Structures are given as structure tokens and as C-alpha cells.
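Overview (structure and organization)
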Amino acid sequence: MPISFETGGLQQLDQNTWGDPKTRDIITLTYIDAVPDLPAPLEDEDTLRRRLTELQAEFGCLLEAHSITVNGQPALLRLEKFPLPDRESGLGFTAGIVVPKATCSAILKIMCPENGRPGAREAAIVPKVGFPNMFPPHPYAPDVRGKLPYNAADDMRWDSMFPGHALTRARAWIVHASRTAKIDPRYAALPAFTGPSAVGASVGTAEASSSSSSSASSSTSATMTTNASSESAATEAMPIASAPASPETMPIPKA
């Protein structure tokens, strides 16, 4: 795999999947041998954020998207929430790093299911900001209304109040991973991703670019969104052996 990361305290479930025995969070590594379907270059953060917000609205809500550098390589960090499948209530939170290249991409992702009483974080924030301020316009696309609303309780300033919450776990882990993950030098040497139009031209035809754009549900976007359902199921279906509480099995604190 093009990306390696710290696996201390995690149980390996298969070649590219790890589980946290304490929280039942699932970490996956994915390599996609196809032109990335990112809707804009990483440098065009405003366009990238808006289009990702629009795309994710179908499944849940995009919370954050940032152009970052991982081990010297341009990357996208994104954080999303979605309804947990087959449950009457409760949310899942997915945080991932996409390292795109001209004709492929590598993704490191964590999926954290909400444990305990659903909505406890939101309920605790209402008195602090007032109910009329709980659902502000989305900061990346104020006119977008998705399957789940953008919520004031999702702001990272509240993470310290809820250290065990799924959103806090997802955000803390991916921040740490973005600072410590390593990229294989052979992958780092591949031609860079410069945007959907430029990529389409580089592979030879306008149809390739169009196909790349229309396959949003089957490559990077699908891996970061719709696959969240299967990963949520994995927290139930994949056997994660119980482990005694120890510093190694606790969620990684925010770096």
C-alpha cells in the first residue's frame, strides 16, 4: 500500500483493515487504480469544498475539507457525518486523507460510530449557543441542504468537552495520522494530480475526463461516503476481540 501509519493498539482484521477493540472504530487503507474524481484541484480549495459539500449532501454532511501535505505530498483531508445504517438513531463519522495522483489515488480513512446516547453532544451544546443558532448555513455552501444538517455541535472547539465522542475520535485520529503517516517513495514519484480537466487531457480523450467526472459514486467519493455504510457494518460483522484498557488501546489524543 502507498500509505503506512502507526498501528499500535489496533487489531488487524484483514490486509488493509484495522479495528480499535475499545471503540470499534474501523481504519482502512484503499488504493484506487483510476483517475481521481476530485471535482477541483487541491489548490482551488473554495471550489473543492463547495463541490464536495454538494456531493456529500446526498449521503449526510461534509464537516471539513482541507488541502494539506502528508509526508511532503499534497493531500485532501475530509471529515463527514452520515446516518448509521440499520439503526433508528445515531451517527457515524468518517475522516480520511486522500493522496491523489494523475491516474490513481491512495486513501487512509477511519470510521467512528457514535456510542452511548445519540445526540448527547448536540443536546449539551444547545444551552451554550441557543437553539436558533444550532443549525447555521454550511460554511462552504450556505445554500446547500443535505441529508443531515450542518450543526454547531460539530465544531472542533467542543471536542475537549466530549473526548470519547465519535466525532472527537475521528478528528483527533486523522489529525495525528496526517502528521505521522508515510508515503511510499515510488508512489510519491508518480505524476501529480492537477485537476479533473488536466487529468482528462493527460489520459488522451475528453471522454476519459467525462467518465472520470461521472464515476463519482464509484471511486474516491464513493470510497469516502457510500462505503461508510459497509464499514459501519464491519464494526458489527468483523470480530474485534476485547482487550483490556491500556494506553495503547485508548483513542489517540489530538496532536
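In the block above lies the structure referred to throughout.
The sections below set out a description of the structure shown in this document. (Residues numbered from 1 in each chain as written. Predicted model: local features only at pLDDT ≥ 70, side-chain atom pairs only at ≥ 80, totals over all residues. Heavy atoms only, no water.)

**Points about the overall build of the chain**
Along the backbone of the chain there are eight helices and nine strands. Residues classed as buried in the chain amount to 49% of the 255 residues present. Expressed as a percentage of contacts within the chain between residues at least 6 apart in sequence, the contacts between residues at least 24 apart total 66%. For the chain, the computed accessible surface area is about 11600 Å², with 55% contributed by carbon and sulfur atoms. (Helix = DSSP H or I, 4+ residues; strand = E, 2+ residues; numbered from the N terminus. Buried < 20%, exposed > 50% of the residue type's maximum accessible area, 1.4 Å probe, protein only. Contact = heavy atoms within 4.5 Å. Areas by Shrake-Rupley, 256 points an atom, 1.4 Å probe, with all protein chains shown as cover.)

**Re the pattern of salt bridges**
All told, the structure shown has eleven salt bridges when counted by the stated rule. Here Arg169 ties to Asp25 by a salt bridge, and the two come within 2.8 Å at their closest N and O atoms. Taken together, the positions of Arg169 in helix 3 (residues 166-180) and Asp25 in the loop between strand 3 (17-19) and strand 4 (26-32) put the pair 144 residues apart, joining distant regions of the chain. In this structure, Glu54 engages Arg51 in a salt bridge whose closest nitrogen and oxygen atoms are separated by 2.7 Å. Taken as a pair, Glu54 and Arg51 lie in helix 1 (residues 45-56) at a separation of three residues, close to a single helical turn. The structure contains a network of salt bridges with shared partners spanning Arg50, Arg51, Glu54 and Asp143. (Salt bridge = Lys/Arg side-chain N within 4 Å of Asp/Glu carboxyl O.)

**What about the sheet that holds strand 6 (residues 73-83)?**
In a beta sheet, neighbouring strands pair by backbone hydrogen bonds and run either parallel or antiparallel. Sheet architecture is open: seven strands sit in the order 2-3-4-8-7-6-5, paired in antiparallel fashion. Unpaired on one side and paired on the other, strand 2 (11-14) and strand 5 (61-70) mark the two borders of the sheet. Neighbour-to-neighbour, the strand axes of this sheet turn through a mean angle of 20 degrees, independent of strand direction. Of the strands in this sheet, strand 5 and strand 6 are in contact with helix 1, which crosses strand 5 at around 140 degrees. (Pairing = 2+ DSSP bridges. Axes fitted to C-alpha atoms, helices over the stretch in contact; angles between N-to-C directions.)

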